[in-house]
Amino acid sequence: WDNEITRALVIIRNPMNAIPSFFNHIYEIKNNLAIHSQRAPVNDWIEWRDRLAEGQIRKYAKFVDYWMERFDTIDGHRIFVSYETLTDDNDGPKEAIRITNFLAQSEGVDPIAVESVPCVWRAVVKYKEQLSRADKPKVDSGKRRLDPRHHDSQRSGPTERPYTAELLD
């Protein structure tokens, strides 16, 4: 199937956020919790991190390497999108327009008008925020998702996810 892929839109999340989020997902499943409802205790993270995080980092790197090499010489047929940028209050709509323009170059794809993209982006990406803040004024700077220490999530529980120095190298 590899030769059948002629274009790719690859969404990549910062591994400092993606790996703990994956761990939280595993924790929720193991504990019969609703998905995106609860972060695992820090001690559980540390135990899992010490056993498995290095392997997850290697898998993440392999994934990125594959997509970087797969379309390295085919201009315009691959687009990388940062999850953090796509979901950022200020940069997300611009990133969604970039995706729309990329998709518009694909045969058989008729995307929505570019001027409608920010509205659709907000309805899709920020729908929970809109539900919970329907009547509240916005005071957020919008750059919180670009800060790796920020965990913009529906999950409750501790946000601390310490990494070892070895994992950060």
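Computed from a predicted model, the values in this text were never measured in an experiment.

Rules used throughout
- One numbering rule holds for all chains: residues counted from 1, following each sequence as written.
- Only residues with pLDDT of 70 or above have their local features reported here, since the model is predicted, and side-chain atom pairs are shown and tallied only from 80 upward, although totals for entire chains, interfaces and linings are computed over all residues.
- Values shown for side chains rest on all heavy atoms present in the structure; no hydrogens or waters enter the calculation.
- Only DSSP runs of H or I covering at least 4 residues are called helices, and only runs of E covering at least 2 are called strands; the numbering of each starts at the N terminus.
- Here a helix's expected span is defined as the number of its residues, less one, multiplied by 1.5 Å.
- Buried, partly exposed and exposed residues are distinguished by accessible area as a fraction of the type maximum, computed with a 1.4 Å probe on protein chains only: under 20%, between the cut-offs, and over 50%, respectively.
- Note on contacts: a residue pair is in contact if any heavy atoms of the two residues lie within 4.5 Å.
- The rule for a salt bridge is simple: a side-chain nitrogen of Lys or Arg has to be within 4 Å of a carboxyl oxygen of Asp or Glu.
- The predictor's confidence in any single residue is recorded as pLDDT, a number from 0 to 100.

A. Fine view of helix H1 (residues 15-30). Look at H1: 22 Å from first C-alpha to last across 16 residues, which is about the 22 Å you get at 1.5 Å a residue. By the burial criterion, the buried members of H1 are Asn17, Ile19, Pro20, Ser21, Phe23, Asn24, Tyr27 and Glu28. Each element contacted by the buried residues of H1 is listed here: helix H2 (42-70) and helix H3 (83-86). Count one or two residues on from H1 and you reach asparagine 32, which has phi positive near 55°.

B. The arrangement of the pattern of salt bridges in detail. Applying the stated criterion across every chain yields a total of 8 salt bridges. Between arginine 51 and glutamate 47 there is a salt bridge; the shortest N-O distance is 2.4 Å. With arginine 51 and glutamate 47 both in helix H2 and 4 residues apart, this pair spans about one turn of that helix. You can call glutamate 47 partly exposed: its relative accessible area is 42%. The shortest N-O distance in the salt bridge between aspartate 50 and arginine 49 comes to 2.8 Å. Here aspartate 50 falls in the exposed class, since its relative accessible area comes to 52%. Under the relative-accessibility criterion, arginine 49 is labelled buried at 10%.

C. Broad picture of the confidence of the model for the chain. Across the chain, pLDDT averages 83, with 83% of residues at or above 70. By mean pLDDT, helix H6 (residues 127-132) is the weakest element of the chain at 69, and helix H4 (residues 92-104) is the strongest at 96. Predicted confidence is poor over residues 137-151, with pLDDT under 50, and the contacts of this stretch with residues over four places away or in other chains come to 31 contacts.

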